[in-house]
Every structure is written in structure tokens, then in C-alpha cells.
Amino acid sequence: MLDMKWVREHAEEVKETVRNKGIHLSVDELLARDEERRRLKRDTDVLRERRNRLSNEIGRLMQDKRREEAEAIRSETKTVNAKLAELETELRVAEEQFRVLYELVPNVVSPDSPIGRSDEDNVELKRVGELPVFPFEPRDHIELGELHGLIDVPRGVKTGGSRHYYLMGAGAQLHRAVQQLALDLLLERNFTLLEVPLMVKEEAMNHTGYFPLGRDQAYRLDGVDGYLVGTSEVPLMMYYAGEIVETETPIRLAAASMCFRSEVGSAGRDVRGLYRVHQFAKVEQVVICKADPAVSEAVLQEITANAELLLQKLELPYRQMAVCTGDMSQKTYKQYDLETWMPSRSAYGETHSSSNLHDFQARRANIRYRDEEGVLRYCHTLNNTAVASPRILIPLLENHQREDGSIYIPEALRPYMNGLTELCLPCEP
């Protein structure tokens, strides 16, 4: 969240961000609710102080055995208490009305972030790798998966419903291999690996900025105060929630976890294949650093480069996109997407995302550090998808297919695939 004092002083900038991010929030109403709760807080404090003075006066009079005077003041105290109870009720209501609006205030965006309404307005920054040219009609990843016995969608739907799947044999091996390759790259770069809870409290989703706006994407657990995570960013960030941390060296955390998203609002989109599913695995990078824009910008470049290195090791063509305001989340200050070429779509598809949140998330999670003068400040936080599977299997299978139906396995994956250099079709009897 943003500091409310800053919001009051920069109301027009906040209004512009609200418009650019497409968030339904009246900043004027927020400011009015803020003024109301502050007025009620002042009036309540005045009455509490008056009640305390009257109580002290009653005590003094009773000590001097001046009971009649004390009784007269008690009558006044009852009137003050009644008015105070009324004001405290109004204050609780005003605080809640303010909180609901305040939690919708978006983070400001970096000056170099494009202004736009959707992913169609994202700006390409660079392309890496050559697009494949097939001298044959290429198969999509589902055809290749069925041909090699890697993917079974019908049985996934039978078991879990729409957007579910089975990975089998070498398909499951590839799924694990890309995750382990990503983890090994991060461990080489001094990330600390955590095994994290996949069920988190509602406050964890609020503290990390996934609620309230992302509530429709989360699976709620019946009977408990809990949700399944859509990214291990939530438990990774909550590890330090409410704490004062040391940021002389940025804190680098990583996790490989299953993730769950309801994909509400995406009905009818990407219904074929593994692009948009309810359950997937993700290797996540999270970094916590000091509140220095130069430091967090350098970290953003670093974690994006880590994801790029993975794509290069997978020998896949990709492009880097500057994400526009309308395609950003509420909490994001600056974001890059990496999109990998997917032949079946005849287009690049998003496979990685890097975000710099500045201190927006740390304020919600109350993660602070002491600066050089010993003053407590909120940290900057960042996150990146090192790899998400099975989505990464789409370009991996499709770009590396051959005319005879075999699939080339990039050299970097071979140690995780028992030395396999390619996936060959079973010989016909």
C-alpha cells in the first residue's frame, strides 16, 4: 500500500494511476472517508481525555469526602460515556469504510512503464533467438504429447474437470527437469531454497497484495481460514512479514511449488492444451532489498536475466516486453514479461514475469530494515517466475520437434533426463 499521507499530498497522481491501471476506485471518496475517520478520531480522543479528567476529579473529590460534588460529576461522566460510545461506533464504521477503499489504492508506476489498457499495448524491448522454420507441417504440443505418450488431457478432465491434465513418462520427467534446471541456476546465484506452505491464511494474501483484487483467482479452502496459493511468492514474502531484516546484501529466496489458480475471467481463452490450466508448478524468485530505487532496479535486471538464461539454456527464441499500466497488477511499480515463441499459436506467449514493487508490498507485510542513520524503513520487494510448467513444455516440445516426429532435448536438460538426447517415437511392430 501507499502511505496515506503521501496519497493525500499526491491525489492527482494517484487518480492518474487508478485510471491507467483500470482500477475501480474513487480517490475523492477515499479522501472523504479518510477525512471523516480522522475527524471522528480527533473527536473521540477529545472525549476520552475529558472522561479521564472527570474520573480523576471524581477520585480527588471522593478522597476529600466531597461525595455530593463527586456525584454531580458522575452524572456528567455518564453523558460523556454515552457520547463516547456513540462516537466509537461511528469511528469503527468509518475505519472499515476507509480500509475497504484504501486497500484498492494501486502502486504508482515507473516513469519508463508504457501507458496502455491491455497486453496488446505492451512494448517489445528485444528479441533473442531465431524462429524455427519447419519444412513440414509442425504438430502442436498436444499432438506431440499424445504421439509420445507424454500428455493425457482427456483423463485429466475425467479426473479433475476442465483445464486438468496428466503428464506421463518423459513428459513428467521434462516437467521436473526444467524446474530442477531453474533451481540449480538460482542456487549458483546464492538464492536460499525454501519448501513453503501451499495453504495460507487470508491475511497472507492481503499482506502480499493478492487480495482484495485477486480474490476471484484463488481457491478457498472450506472449513478453515485458508487459500491455496497461486504462486510461492506469497509464502516466501510472508516468511519475513512483521520483521526487521538485514538488507546490506539483498535477501534472495527461491521455491519450487505447485500453484493453483481458478482462471475466472478466462473462460473460452486458451482452452486447448497446457497454456492456461488450474494446477501447475512454478519456480519463483523473491528478493527483499533496501529502499533504494537504484538497488531494486539492478535487482529487477538481475532476476530477469536469470529467467532469460534459463530460456537460452533451453534453446528457445523469446522476446522481452515492457508491461503497460493496464496489464500490471495493483501492486506493481515496474514489470517485464518474457514471451517465448510457440509455433502452434504462431505467436510469442508469456512464460515469465518480473516485477519491482518498491515498498508497496513491504508496507502491507510490514517488512522493514534500518538505514544508515538507524531509521526504520520499508524494504523494496521483487519477484520473478524462473520457470512455470507445464506452460514451458509448449515451446519446448513445439520448437524442438523434427519431421519424423522425434523431439530434440536441449543439452542443458540431458543430465536431468538420464542422458536422453531426443525423444523418439516407438517403433511400429
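Conventions used here
Residues numbered from 1 in each chain as written. Predicted model: local features only at pLDDT ≥ 70, side-chain atom pairs only at ≥ 80, totals over all residues. Heavy atoms only, no water. Patch = residues over 30% accessible without salt bridge, like charges linked within 9 Å, V, L, I, M, F, W, Y side chains within 5 Å. Areas by Shrake-Rupley, 256 points an atom, 1.4 Å probe, with all protein chains shown as cover. Salt bridge = Lys/Arg side-chain N within 4 Å of Asp/Glu carboxyl O. Lys, Arg positive; Asp, Glu negative; His and termini not counted. Charge placed at Lys NZ, Arg CZ, Asp CG, Glu CD. Helix = DSSP H or I, 4+ residues; strand = E, 2+ residues; numbered from the N terminus. Buried < 20%, exposed > 50% of the residue type's maximum accessible area, 1.4 Å probe, protein only. Pairing = 2+ DSSP bridges. Contact = heavy atoms within 4.5 Å. Axes fitted to C-alpha atoms, helices over the stretch in contact; angles between N-to-C directions. Parallel < 35°, antiparallel > 145°, perpendicular 65-115°, else oblique. Left-handed = near helix turned anticlockwise from the far one by under 90°. Nonpolar A, V, L, I, M, F, W, Y, C, P; charged D, E, K, R; others polar. Expected span 1.5 Å × (residues − 1).

On the surface, a cluster of negative charge is contributed by D119, E120, D121 and E350. Mapping E120 onto the fold places it in the loop between α4 (67-102) and β1 (123-128). By relative accessible area, which is 72% here, E120 ends up exposed.

Moving on, we come to the sheet that holds strand β11 (residues 334-342). The 8 strands lie next to each other as β1-β10-β11-β12-β15-β9-β8-β4, forming an open sheet whose pairing is mixed. Both edges of this open sheet fall to β1 and β4 (192-193), since each of them pairs with a single strand only. Relative to strand β10 (residues 318-322), β1 runs antiparallel, the two sharing 5 bridges. Looking at the pairing, E124 lines up with M321 of β10. Strands in contact with helix α10 (residues 293-313) are β1, β8 (251-260), β9 (279-289), β10, β11, β12 (347-356) and β15 (380-389); relative to β15, the strand with the most contacts, it is inclined by about 5°.

All right, on to the pairing of β10 then. With respect to burial, β10 is a largely interior element, 5 of its 5 residues being buried. Burial of the side chains of β10 extends over both faces: Y318, Q320 and A322 are buried on one face and R319 and M321 on the other. As defined by bridge partners, β10 adjoins β11 across 5 bridges and the pair is classed as antiparallel. Looking across to β11, one finds that Y318 is bridged to T340.

In the contact formed by helix α7 (residues 170-188) and α10, the axes pass within 10 Å of each other and the chain directions differ by 135°. Taken as axis vectors, α7 and α10 run oblique relative to one another. The chirality of how α7 crosses α10 is right-handed. From α7, V178, L181, A182, L185 and L186 reach across to α10, where they touch N306, L309, L310 and K313. Looking at the contact of α7 with α10 residue by residue, the classes come out as 7 nonpolar, 1 polar and 1 charged.

On to unusual backbone geometry, then. In most cases, non-glycine residues show a negative phi, while peptide bonds are predominantly trans. The omega torsion of the bond from F211 to P212 falls at 10°, within 30 degrees of zero and hence cis. The step from S389 to P390 runs through a cis peptide bond, and the omega angle for that step is 25°. Mapped onto the fold, P390 is located in the loop between β15 and α12 (393-399). Residues other than glycine seldom take positive phi values, yet N190 does so here, at roughly 65°. Tracing the chain through its elements places N190 in the loop between α7 and β4. With a phi angle near 50°, H358 is a residue other than glycine that sits in the positive phi range. Note on placement: H358 falls in the loop between β12 and α11 (360-365). Overall, the relative accessible area of 13% leaves H358 in the buried class.

Below, the discussion takes up α7. Compared with the 27 Å implied by 1.5 Å per residue over 19 residues, the 26 Å span of α7 between its first and last C-alpha is a close match. Of the positions making up α7, those classed as buried are A170, G171, L174, H175, A177, V178, Q179, L181, A182, L183, L185 and L186. Backbone geometry just after α7 places N190 at a positive phi near 65°.

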